[in-house]
Amino acid sequence: MVFCLGTIRYPGILAGGMENAGPDPAQDLRRRSTYSTSTYSTTSSSSPEFTNDTVDSVITPDSDDDQSVEIVPKIEEVEEASIDRLEESKPTVTLPTPRKRGRPRKHPLQEQKKASHSRSKTGCGTCRRRKKKCDETKPSCINCEKNNVVCDGYEPKQPWRSGKQRALTVRHSIPAELPMLVEGVEGSVDQMFFHHFTAQVGKVLSLTDHQNPFLEIIVPMAMGHTGLMHSLLYLSGSILVANEPNPKADWEERQEHHSSKAMRLLQQDLASTTSNGTNAVAHIGDPSIAQTLVLCLQTVCAGDLTGSYRFHLNAMKEMLTRQQHFPNEQLRQFILEFLLYHDYSSSITSLANPLDQRSIDLMAGFKLPEFMIQPQAGTLLGVMDGLFGFISRIRQLRDQIRERRALNYAHWWDAAIMDDAFAIDNALRMWQCVHPPDTPRYTASLLYRQCTWLYLHRTIQHSRPSPAFKQAVDEGLGYLRSLPWDTDDGSTQSILLMPLFLLGCAAFEPAQRPEISDAFSRLQQWSSLGNIKYARMIVEQIWQMMDEGREAETWDWETIIARRGWDFLVT
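Reading guide: rules and limits
- Within each chain, residue numbers correspond to sequence positions counted from 1 in written order.
- Predicted model: local features are reported for residues with pLDDT of at least 70 only, side-chain atom pairs are reported and counted for 80 or more only, and whole-chain, interface and lining totals are derived from all residues.
- Side-chain calculation: all heavy atoms of the structure are included, whereas hydrogens and water are not.
- Orientation is described by axes fitted as lines to C-alpha atoms, over the contacting stretch for helices, and by angles from 0 to 180 degrees between their N-to-C directions.
- Secondary structure counts use DSSP, requiring at least four H or I residues in a row for a helix and at least two E residues in a row for a strand, with both numbered from the N terminus.
- Working definition: roughly parallel below 35 degrees, roughly antiparallel above 145 degrees, roughly perpendicular at 65 to 115 degrees, and oblique for all remaining angles.
- Contact definition: two residues touch when any of their heavy atoms are within 4.5 Å.
- Polarity classes work like this: nonpolar for Ala, Val, Leu, Ile, Met, Phe, Trp, Tyr, Cys and Pro, charged for Asp, Glu, Lys and Arg, and polar for all others, with Gly in that last group.
- Left-handed describes a crossing whose near helix is turned anticlockwise from the far helix through less than a right angle; right-handed describes the clockwise counterpart.
- Think of it in three bands: residues with accessible area under 20% of the maximum for their type are buried, residues over 50% are exposed, and the middle band is partly exposed, with areas taken using a 1.4 Å probe on protein chains only.
- In the analysis that follows, any N or O atom pair within 3.5 Å is treated as a polar contact, provided that within protein one partner can donate a hydrogen and the other can accept it, and provided that, for residues neighboring in sequence, both atoms belong to side chains.
- UniProt positions are given in the numbering used here, feature names are shortened, and annotations may be inferred rather than shown by experiment.
- Here, a salt bridge means any side-chain nitrogen of Lys or Arg that lies within 4 Å of a carboxyl oxygen of Asp or Glu.
- The rule is simple: put a 1 Å grid over the protein atoms alone, call a set of points where a 1.4 Å probe fits but cannot get out a cavity, call an open set with protein on both sides within 12 Å along at least five of seven lines a pocket, and count a residue as lining if it has an atom within 4 Å of a point.
- Grid points are joined across faces, edges and corners, and a volume is the space filled by probe spheres set on the points.
- Helices are assigned an expected span. That span is 1.5 Å times one less than the residue count.
- Two axes enter the definition of the bend at a residue: one is fitted to the seven residues ending there, the other to the seven starting there, and the bend is the angle between them.
- Grouping buried Ala, Val, Leu, Ile, Met, Phe, Trp, Tyr and Cys residues that are joined through side-chain atoms within 4.5 Å yields what is termed a nonpolar core.
- Those domain boundaries reflect an automatic or database domain assignment.
- In this scheme Phe, Tyr and Trp rings, the latter by its six-membered ring, pair at centre separations within 6.5 Å, and the angle between planes marks the pair as stacked below 30 degrees, edge-to-face above 60, and tilted otherwise.

What about the packing of helix α6 (residues 187–205) against helix α7 (residues 213–222)?
Argument step 1. Packing of α6 against α7 leaves a shortest axis separation of 9 Å and a crossing angle of 135°. Compared by their axis directions, α6 and α7 come out oblique. Taking contact as the criterion, the partners of F194, F197, T198, G202 and L205 in α6 are, on α7, F214, L215 and V219.
Argument step 2. Looking at the contact of α6 with α7, its residues break down into 6 nonpolar, 2 polar and no charged.

See the structure below:
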């Protein structure tokens, strides 16, 4: 009879929780080895012996007991190698993956793992700007040293702040900007330029002792016109830069800024008037004409040697010739007098005669008799009353004599030239000053008449020392000594450069020259105008040529100036 074992329960002999585990080949091997003697034949003589310690009961088919009997099996050792082979022989289960939609690729893409990189926020400033990895070596990183660049170092550690605190800091860091008090005046340097113009430059440029058109007309107009304000600041800054041995960089920067702004705004104003009508100049406003005047003065005060003043003078000539009516008649009177003064004075140093038909028309429109200026009309011209015409006529004589000299004529003059010279001489002798004798204007007027006669005598006579030259220069120096240099308000000093130049060109006597040099120095110290030093250099060159026996060459000082490549005003 064969006995079969039923269901066997393991009361926790093996590892916990094995009752619920699935079939394991290793456990099945152990189980088979353990129960290898569980079945036997009754006829066998070697039947196993059961004791009470190992077997509680045996269930047979004839048994009526339905209860399960707990059997403690025999445990035998199993080799570990066989268990490992069973572990390796476990089948790998691959779960099915859903098929992707679309046509499969011939060469499937292989997914590349993205290298993880944590960006450092504590690197040096150079590496962070270059977006390079920094080794964060202190005090300077090795990466910067290898690349031969300057390591900016590391930002200092900041205390931690919440988002609310950072937002509050940002709000406090935004400045509340205010609009400009005066349009065009920006910052302390511009304010210094404006103060220098109102306190010094405006007084130096004024040619009248009872009113100052620059401070009474030009400055108030500039307060409401940005282009004119930039022109004033450009003029003032040019004088400061020209007279400073080592000008500051911010001065030069602001000077260039105002120059570009003034030119651009003036071009815009002129372009806008051109688009409004066929006669563009007839509609130009007062600020644009005043701006042209100020830009002309800038070339004079800054010591420009390229003749840039001519462009501005020609523009003013065109404006005043075509435009008959001005909203501000006082401004037109001032600009016209200014133009005539500088236009006629430029004929003394210019190789080409700048006086054209427009100059004559403007002089005639000033309601003057022949070659004479009415005293009541010249509020700004002052001591120039009655002398402009004489200077223009002498310039015509010089042009005729220069042509004869170029043709190598035996004599520089002819009968017609001498007749005109005698007429001018007689008119100068009959000329009378309109200013009271006890005023500085009276003395300055006599100085101008004396220098005008020297201009005529220097044109007609040979260039060599003579008693007439010595007497005329000595009388001119006497008038110069009588001027109140220390107490005058500046209305006479501002017009002394032209007579000083003519006195110097006629000073053949060396004893007369030191006083003229001192007058140049005082004028330079008082006005700080840039063209004074160049006028003095020409006079000193003429003196040197006189001492070297080259007096004949000193007659043509216009050519001497042109050979240097200079073109400037003596005003």
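Continuing now.
Considering the packing of helix α10 (residues 286–301) against helix α12 (residues 329–345)
Argument step 1. One way to put it is that α10 packs onto α12 with a least axis distance of 11 Å and a crossing angle of 30°. With respect to each other, α10 and α12 are oriented roughly parallel. Where α10 crosses over α12, the two elements pack in a sense that is left-handed. For the pair α10 and α12, the contacting residues are D286, I289, A290, L293 and L297 in the first and L331, F334, I335, F338 and H342 in the second.

Considering the side chain of S345
Argument step 1. Residue position: S345 is located in helix α12.
Argument step 2. Given the relative accessible area of 0%, S345 is considered buried.
Argument step 3. There is a polar contact of 2.6 Å between the side chain of S345 and the backbone oxygen of Y341.
Argument step 4. Excluding residues within four positions of it along the chain, S345 makes contact with M498, V570 and T571.

What about the UniProt feature "domain: Zn(2)-C6 fungal-type" (unreviewed entry) in the chain?
Argument step 1. What UniProt calls "domain: Zn(2)-C6 fungal-type" (unreviewed entry) maps, in this numbering, to residues 123–151.
Argument step 2. Along residues 123–151 one finds 38% helix and 0% strand; the C-alpha atoms at either end are 10 Å apart.

Observations concerning the pattern of salt bridges
Argument step 1. The tally for this structure, following the rule as stated, stands at 18 salt bridges.
Argument step 2. With its nearest N and O atoms 2.7 Å apart, the salt bridge here joins D190 to R254. In this pair, D190 is assigned in helix α6 and R254 in helix α9 (residues 249–274), connecting sequence segments 64 residues apart. Here D190 matches R254 in class, with each residue buried.
Argument step 3. A salt bridge links R429 to D425, with the nearest nitrogen and oxygen atoms 2.8 Å apart. Highlighted residues: R429 and D425, both in helix α15 (residues 415–430), separated by 4 residues, approximately one helical turn.

Observations regarding unusual backbone geometry
Argument step 1. Look at the link from K138 to P139: it is a cis peptide, with omega at 0°.
Argument step 2. Structurally, P139 can be placed in the loop between α3 (125–130) and α4 (142–146).
Argument step 3. The phi dihedral of N148 falls on the positive side, at around 55°, and the residue is not glycine.
Argument step 4. Residue placement: N148 occurs in the loop between α4 and α5 (163–173).
Argument step 5. Its identity is not glycine, yet N408 carries a phi of approximately 60°, on the positive side.

Quick look at empty space enclosed by the protein
Argument step 1. The final tally for this structure, using the stated rule, is 3 cavities of 30 Å³ or more.
Argument step 2. When its volume is computed, the largest cavity comes out at roughly 110 Å³.
Argument step 3. The wall of the largest cavity is formed by 12 residues, among which L205, L297, H342, S494 and T571 lie closest to the centre.
Argument step 4. Elements with a contribution of two residues or more to the lining of the largest cavity: α6, α10 and α12.
Argument step 5. Here the residues of the lining of the largest cavity sort into 9 nonpolar, 3 polar and no charged.
Argument step 6. One number sums up the size of the second largest cavity: a volume of about 50 Å³.
Argument step 7. Around the second largest cavity, the lining residues are V204, Q493, S494, L497, L523, W526, S527, L529, I532 and T571.

Focus: α6
Argument step 1. Counted at 1.5 Å a residue, the expected span for α6 with its 19 residues is 27 Å, and the 25 Å between its end C-alpha atoms agrees.
Argument step 2. Maximum bend of α6: about 45°, positioned at F197.

Brief notes about the nonpolar core
Taken as a class, soluble globular proteins show a tendency for nonpolar side chains to be buried jointly.
Argument step 1. Residues I218, L235, L293, F501 and F568 are the most contacted members of the largest nonpolar core, which totals 113 residues.
Argument step 2. Shared between two domains, this core takes at least three residues from each, and those domains are domain 2 (186–273 + 282–384) and domain 3 (397–570).
Argument step 3. Among the nonpolar cores identified, the runner-up in size contains 6 residues, and C124, C127, C134 and C151 belong to it.

Remarks on the packing of aromatic side chains
Argument step 1. For the structure on display, the rule yields 7 aromatic pairs.
Argument step 2. An angle of 50° between the planes, with centres 6.5 Å apart, marks the rings of Y534 and F568 as tilted. Of this pair, Y534 sits in helix α20 (residues 532–547) while F568 sits in the segment after α21 (557–563), placing them 34 residues apart in sequence.
Argument step 3. Overall, Y534 belongs to the buried group, its relative accessible area being 17%.
Argument step 4. Measuring from centroid to centroid gives 6.3 Å for W566 and F568, while their planes differ by 70°, and the two rings are edge-to-face.
Argument step 5. The buried category is assigned to W566, whose relative accessible area is 15%.
Argument step 6. Since its relative accessible area comes to 1%, F568 is described here as buried.
Argument step 7. A connected cluster of aromatic rings, assembled from ring pairs, spans Y455, F501 and W557.

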